[in-house]
Structure formats: structure tokens, C-alpha cells
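# Chain and residue survey
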Amino acid sequence: MARLVTVYEARPEDVAQIVGLLESRHLHPVVPEDVGRRSAYRCHSSPVQITVPETERDMAIGVLAEFERQEDSRLKQLTKVTDSAMLFVIVVLAFVAVVGILDAEGKWHAALWGVLCLIASVSVIRAAWARKGGE
């Protein structure tokens, strides 16, 4: 039997996905440690090693590198969307702060908060309906 070499260290919750990815490419991954039998403390604190036979090492590294590139591109897109949403929230809150500072009686400030809460509520409900309709 070929010697096993470590090709990846994954979080315990990602082990099944990585093993499935390698198996879908007809590789033979082995997880030397039983992830389900870890103690509660160790369960999330240390990565789990995923090994393959030494003859499959280069192919496994190539598959995992492609997986990492796909995850990086997905993460970059998600970060871009999140950054723009956070910028929008900061601008809106700055506008509310300026209105609050300039409004001595507080009527415009309260009205602005009411409108913003209404818009946020409608947006959340529409997003939930869209998600429910897509399932």
C-alpha cells in the first residue's frame, strides 16, 4: 500500500466537502482522525488533516488549488457586495446624524427614522418573499 501524505488541513465542518470533492475526481482521500469522536473543546480549535496516497498527491493538490481559486473568487464577489452595502449604510446613518444635529425640535429626525424603518421593513419582507418563492 502506498504511503499517505497530507494534502489539506480543513476545519472539521468542511471535511466532508473536501473529501467528497477529492472522491468525485476518483482520488482516495483518507481522514486519519475520526472527526465525530473529537471532544467539544477540540472540535473547532484544530484543523483536520486530509491525506491521499503518495501517488495521487499531485492530482489532489491540483484539484484543491482549483477549489481554492473558485472559493477566492466567490469570496471576493461577496466582499465587494458587502463593502458596497456597508458604505450605503454608513452614508445613510451619517445623513441621519446630520439631520439630527440640525433639527432642533426633532420632528424631521423622527420622520426620517420612520421613513428609514419603513423602507428597511419593506426591503426585508421583499427579500424573504423572493427567497421563499425561489425554493
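How each quantity is defined
- Residues numbered from 1 in each chain as written.
- Predicted model: local features only at pLDDT ≥ 70, side-chain atom pairs only at ≥ 80, totals over all residues.
- Heavy atoms only, no water.
- Helix = DSSP H or I, 4+ residues; strand = E, 2+ residues; numbered from the N terminus.
- Buried < 20%, exposed > 50% of the residue type's maximum accessible area, 1.4 Å probe, protein only.
- Contact = heavy atoms within 4.5 Å.
- Areas by Shrake-Rupley, 256 points an atom, 1.4 Å probe, with all protein chains shown as cover.
- Patch = residues over 30% accessible without salt bridge, like charges linked within 9 Å, V, L, I, M, F, W, Y side chains within 5 Å.
- Salt bridge = Lys/Arg side-chain N within 4 Å of Asp/Glu carboxyl O.
- pLDDT = per-residue confidence, 0-100.
- Core = buried A, V, L, I, M, F, W, Y, C linked by side-chain atoms within 4.5 Å.

## Focus on the overall build of the protein
Across its full length, the protein carries 4 helices and 2 strands. The secondary structure elements of the protein, listed N-terminal to C-terminal, are β-α-α-β-α-α. Counting the 135 residues in the protein, one finds 21% classified as buried. A sequence separation of at least 24 residues applies to 64% of the contacts in the protein between residues at least 6 apart. Per element, the accessible surface of the protein, about 10,300 Å² overall, is 63% carbon and sulfur.

## Here's the deal with a nonpolar patch on the surface
Taken together, the side chains of Phe 88, Val 89, Leu 93 and Trp 113 present a nonpolar region at the surface, about 390 Å² in accessible area. No other element matches the 3 residues that helix H3 (residues 57-102) contributes to the nonpolar patch. Note that Leu 93 resides in helix H3. Here Leu 93 falls in the partly exposed class, since its relative accessible area comes to 43%.

## Describing the environment of Val 30
Here Val 30 is to be found in the loop between helix H1 (15-24) and helix H2 (40-43). Not counting residues within four places of it along the chain, the set of residues in contact with Val 30 comprises Leu 4, Gln 49, Ile 50 and Thr 51.

## A short note on the confidence of the model for the protein
Low-pLDDT portions of the prediction should not be read for the details of their coordinates. On average, the protein scores 86 in pLDDT, and the residues at 70 or more come to 89%. Summarising per-element confidence for the protein, the mean pLDDT is lowest in H2 (55) and highest in H1 (92).

## Quick word on the nonpolar core
Val 7, Tyr 8, Ile 18, Leu 22, Ile 50 and Leu 64 are the most contacted members of the largest nonpolar core, which totals 17 residues. Of all elements in the fold, only strand S1 (4-10), H1, strand S2 (48-53) and H3 reach the threshold of two or more residues within this core. Ranked by residues supplied to this core, first place goes to H1 with 5 residues. Residues contacting Ile 18, with those up to four places away along its chain left out, are Tyr 8, Ala 10, Ile 50, Leu 64 and Phe 67.

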